[in-house]
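Chain by chain, the residues:
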Amino acid sequence: MGPDLSDLTRRHLDFHATARPMAAMEIDYPNGTSTGLHAHPRGQLLYAISGVMIVHSTFGTWVVPPNRAVWLVPVFDHDVRMVGDVKIRTLFIDDRSVPGLPEESCVLAVSPLLRELIVAAMSVPADYAPDSRDARLMRLLLDELRQEPVLPLHLPMPRDLRLRFLCTELTARPDAAATAQDWADKFGVTAKTIHRLFVQQTGLTFGQWRQQARLLHALERLARGDRVIDVALESGYASQSAFTAMFRKQFGVPPSVFYR
């Protein structure tokens, strides 16, 4: 049985009320749990020591495996869906008093040192003494967090209603082979218009957006333990080797070892 979400909301408020710039909280969720759409007055670093988080917002979707974290800016509406039993270790950070944090929500790498600091922060009380070991641990955690690179695990959603429909179809059927010209014919516009709108509203070309959608679909399926060959074909790749080559290019490791 999952956590009581109303009780969880009350717990969140306690962590935002502290006078310290950062507070840490741990919470475990069973497979399939969804938090529902919500936001926090402080910035939030969401990290899971096991399981995979799918973070949805009106601006797009992030897939967050255990070796990654997602930074969410304050007052950012989002919903988190759990793939597998997810053990979340989260930090609420007052970005007004902590400079150098990302200005937009994003996925970040998590080094082994940062991982251990996040885990250690769970034992730090919300109102830790300013000049103490706990305070120094938190400052070191922030130093490490600022060093982590932003990763391309975001699938931005366009504003144009035609493109949003197109994107919804692509995420539902990542193996679909329809081209930009096919979609242009459907909407009664030119392929050039489709390409231009994609770049303007997502920062990605049509082809890049579709590849990213396929990649994030594959990450979710791999997190469930599906066979690589099945994931490759259902993600629109002609062979397992083609999928593995793309995956290795993106992450530096083959899909068979990504979640180890």
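Our subject is the structure that appears above.
Residues numbered from 1 in each chain as written. Predicted model: local features only at pLDDT ≥ 70, side-chain atom pairs only at ≥ 80, totals over all residues. Heavy atoms only, no water.

Visitor: So what's going on with the pairing of strand β6 (residues 106-109)? Which residues, and what values?
Guide: The two faces of β6 match: Cys-106 and Leu-108 on one face and Val-107 and Ala-109 on the other face are all buried. Relative to β6, strand β4 (residues 68-72) runs antiparallel, the two sharing 4 bridges. Paired with Trp-71 across the bridge in β6 is Cys-106. As paired strands, β6 and strand β7 (residues 150-151) are joined by 2 bridges and run antiparallel to one another. Bridge pairing links Leu-108 to Val-150 in β7. (Buried < 20%, exposed > 50% of the residue type's maximum accessible area, 1.4 Å probe, protein only. Helix = DSSP H or I, 4+ residues; strand = E, 2+ residues; numbered from the N terminus. Pairing = 2+ DSSP bridges.)

Visitor: Summarise the side chain of Gln-201; cite the residues concerned and give the values.
Guide: Mapping Gln-201 onto the fold places it in helix α6 (residues 191-202). There is a polar contact of 2.7 Å between the side chain of Gln-201 and the backbone nitrogen of Arg-159. Not counting chain neighbours up to four residues away, the residues in contact with Gln-201 comprise Met-157, Pro-158, Arg-159 and Asp-160. (Polar contact = N/O pair within 3.5 Å; in protein donor to acceptor, adjacent residues only side chain to side chain. Contact = heavy atoms within 4.5 Å.)

Visitor: So what's going on with helix α7 (residues 206-223)? Which residues, and what values?
Guide: The end-to-end C-alpha distance of α7, which contains 18 residues, comes to 26 Å, matching closely the 26 Å that a straight helix rising 1.5 Å per residue would cover. Counting buried residues in α7 gives 13 out of 18 residues, a clear majority hidden from the surface. (Expected span 1.5 Å × (residues − 1).)

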